[in-house]
Every structure is written in structure tokens, then in C-alpha cells.
Amino acid sequence: MRELTVTNRDCSQQLIKYLSKYMEEAPKSFFYKMLRKKNILLNGKRADGNEKLQEGDVIRIYLSEETIAKFRKSANSSSKTGPLKLSIVYEDDQVIFLNKPAGLLSQKAVLQDVSLTEYLADYLHEQEKNSRESMFRPGICNRLDRNTSGLVLAGKSVASVQQLSSLIAEHRVDKYYLTLVKGNLRTSRKISGFLVKNPKTNQVTVTKTADADGVPIETWYEPLCIGKEITLLKVKLITGKSHQIRAHLASISHPVVGDTKYGDPVLNERFRKRYNLRYQLLHSWKTAFPEIEGGLSYLSGKSFTAPVPKLFGEIIKGEQLTGDEL
């Protein structure tokens, strides 16, 4: 018999999801069968799997150790990601906000990848070494492209992941980016369009008129400083779609500097030769929270800022671009 006690990180999820995380290789049909046969009990009573767990709930699994081991893939072990030191912007018992470097995936694309999620899992695993075992796996709530740097929001419990994800999905969190773009932009503006994604090439196109596959997008920008051939912009995502900022700015002839997918090859080559720049200069800079209720109400009205990467800062100085907000 195996006895598990639900931690505060595992609250607010259904029993069946908790069990699926504990024994990852077992199908849900197996758990439902074991629940019906009372081989799995919640607080000493029969359960159907839909119960929402609370801290302190006790789950008893009346299965052999061999059966449990067969269905457990990781046994909550560290993923041994290596020596990367997380750049933490803010952390408390419920959330952790990170400054992701360019070149690192937010989440795995294929099984062999090592992403920010794995580094975060190892970090939290180290924190929990001497505490009760938790089935919680860290949740990245906003994904950034591999070569986009900056602020990534993550929850340290099921409940905080759920609330953060809901706030972002409902467009209640204001997300601001810094970027360098080709050309001179002198006035703030909101631009609209329709985005179509090609899953085969992982590229998107932006059109002014709707078609069957297009989804509406809106992007706002404000010039912070104008250089000879580039502009430093503050960009606000009103909608949040794949590659939106990069493709939307390129569609109005102001592509992001360094962007090999949507950018200007001639301009990119100049910046590569001068600064050894090999990726787009797009940085998730600032997140501002609205008035919110619930477990994360203490974040109401607060904002968090991720410093720009060293190379981005060097290019801003090298191009003699300075802004009051930086």
C-alpha cells in the first residue's frame, strides 16, 4: 500500500489528474477501474476521480510496489538539466517570474529538448528535497519564441498556474516588449490585421482583410527613440498569437532587427557584422497586473520588469538610442 498526502502545490486539481501525474504510464481507464474496485481511496472513502483535491487529503493506493513502479516513469526525480542559473525577476510561495535568455525554448518541442520548463522543474525539486512529495509539475503560463528573451510567468502550484493562465487567456495582463525595428516610426499607433499560420513551415502571414483561416490580431507600439535607420519601440500585445509582433511589424515594412524569418536580410547582415547579432532583438520587458481576486490578489496593480540582455543593451548604446523608460 502507498499513502500520499496532498501538498498545497497540488490543490485545485481533480484526483484523476493527480493520479495520472503520479503514475504517468498508466491509462486513465486503469485509474477509474481501481477507483471502482476501491483499490484507490480518498480520505478512506470511495472516490470517482472527479473530486477536487485539498491540502492534507490522503490518497491510499492498494497496489503492489511492482505495479506502481511499472507505471512510474520519473518517480519525481530531477531531470538533471545542467548548470544554467535561472534569472529570477520575482518569486514567492505561489509564483516565480523568470528572465529567459534568447536561444532557450520555453517548453519542449521534441522529447530530446531541454527547455526553461526543465530548468524550473529542477530548481523547484531542489527546494522540495526535504518536504512531502508533490505531483506538481511547474507550469509556464506564457511562451516565448526560442530567440525571444524576457519575462516568463510561471506558477508554483496548480491553483496559481490556473489563475495566471486564465488572466493571460482573458487578455487581462498587460504585456510589453522592447524591440529594434527597421526605419523611423515617430508616432504611437495601434495596428490591426489577420494572421494565418502555416504549420508546415512554422511561419505566419499577416493580411489586412479576413479570410477563412485568418484570426484577428491587434498590436500597439510607441517609439522610444529614433536612430539613423532604426527605431527603439515599446510594443504592447493586445492579442497574443504565434510570431505576432515579428510578423505584424514586418507587414508594415518595419521588421524586427535580426529576425531571420521575417526581417530584412541586408539590415540583419550589418548588425551581424557589427555586433555578431544572430537572432531577433525582441525582449519581453514588462508585465502589469490588473485588480484581481482569489489566491493571487496580492499581485493586483503590480508590475514586473525583466532587464534587457547584455547584447541588446550594447546595441542600444552602440546605436546611440536611449529612452527615459529604460
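Quick look at the structure, then. (Residues numbered from 1 in each chain as written. Predicted model: local features only at pLDDT ≥ 70, side-chain atom pairs only at ≥ 80, totals over all residues. Heavy atoms only, no water.)

Description of the overall build of the protein chain
Phase 1 of the analysis: Helix and strand content of the protein chain: 8 helices and 14 strands.
Phase 2 of the analysis: With the C-alpha coordinates of the protein chain rotated into their principal frame, the extents come out at 70 × 45 × 40 Å.
Phase 3 of the analysis: Counting contacts in the protein chain only where the partners sit at least 6 residues apart, residues at least 24 apart contribute 66% of the total.
Phase 4 of the analysis: By element, 48% of the accessible surface of the protein chain is carried by carbon and sulfur atoms, the whole surface being about 16500 Å². (Helix = DSSP H or I, 4+ residues; strand = E, 2+ residues; numbered from the N terminus. Contact = heavy atoms within 4.5 Å. Areas by Shrake-Rupley, 256 points an atom, 1.4 Å probe, with all protein chains shown as cover.)

Let's talk about the pattern of salt bridges
Phase 1 of the analysis: Tallied over the entire structure, the rule returns 15 salt bridges.
Phase 2 of the analysis: For Glu 91, the salt bridge identified is with Lys 156, shortest N-O distance 2.8 Å. Of this pair, Glu 91 sits in strand 4 (residues 88-91) while Lys 156 is found in the loop between strand 7 (149-155) and helix 5 (158-169), placing the two residues 65 residues apart along the sequence.
Phase 3 of the analysis: Using a relative accessible area of 4% as the deciding quantity, one classes Lys 156 as buried.
Phase 4 of the analysis: Taking the shortest distance from any N to any O, the salt bridge between Glu 218 and Lys 190 comes out at 3.3 Å. Of this pair, Glu 218 sits in strand 11 (residues 215-226) while Lys 190 is found in strand 9 (residues 189-198), placing the two residues 28 residues apart along the sequence. (Salt bridge = Lys/Arg side-chain N within 4 Å of Asp/Glu carboxyl O. Buried < 20%, exposed > 50% of the residue type's maximum accessible area, 1.4 Å probe, protein only.)

Notes on the sheet that holds strand 2 (residues 40-42)
For sheets, the rule is that strands pair by backbone hydrogen bonds, running either parallel or antiparallel.
Phase 1 of the analysis: Judged by pairing direction, the sheet is antiparallel, and its 3 strands sit side by side in the order 1-3-2 without closing on themselves. Single-partner strands in this sheet number two, and they are strand 1 (2-5) and strand 2. Direction aside, neighbouring strands of the sheet carry axes that sit 15° apart on average.
Phase 2 of the analysis: Where strand 1 lies against strand 3 (residues 58-61), 4 bridges are found, and the strand directions are antiparallel. When the sheet's bridge partners are listed, Arg 2 is paired in strand 3 with Ile 61. (Pairing = 2+ DSSP bridges. Axes fitted to C-alpha atoms, helices over the stretch in contact; angles between N-to-C directions.)

Brief notes about the state of the cysteines
Phase 1 of the analysis: A full pass over the atoms with the stated rule returns 0 disulfides.
Phase 2 of the analysis: A disulfide-free cysteine, Cys 11 has its sulfur positioned 17 Å from the sulfur of Cys 141, the nearest such atom. (Disulfide = S-S within 2.5 Å.)

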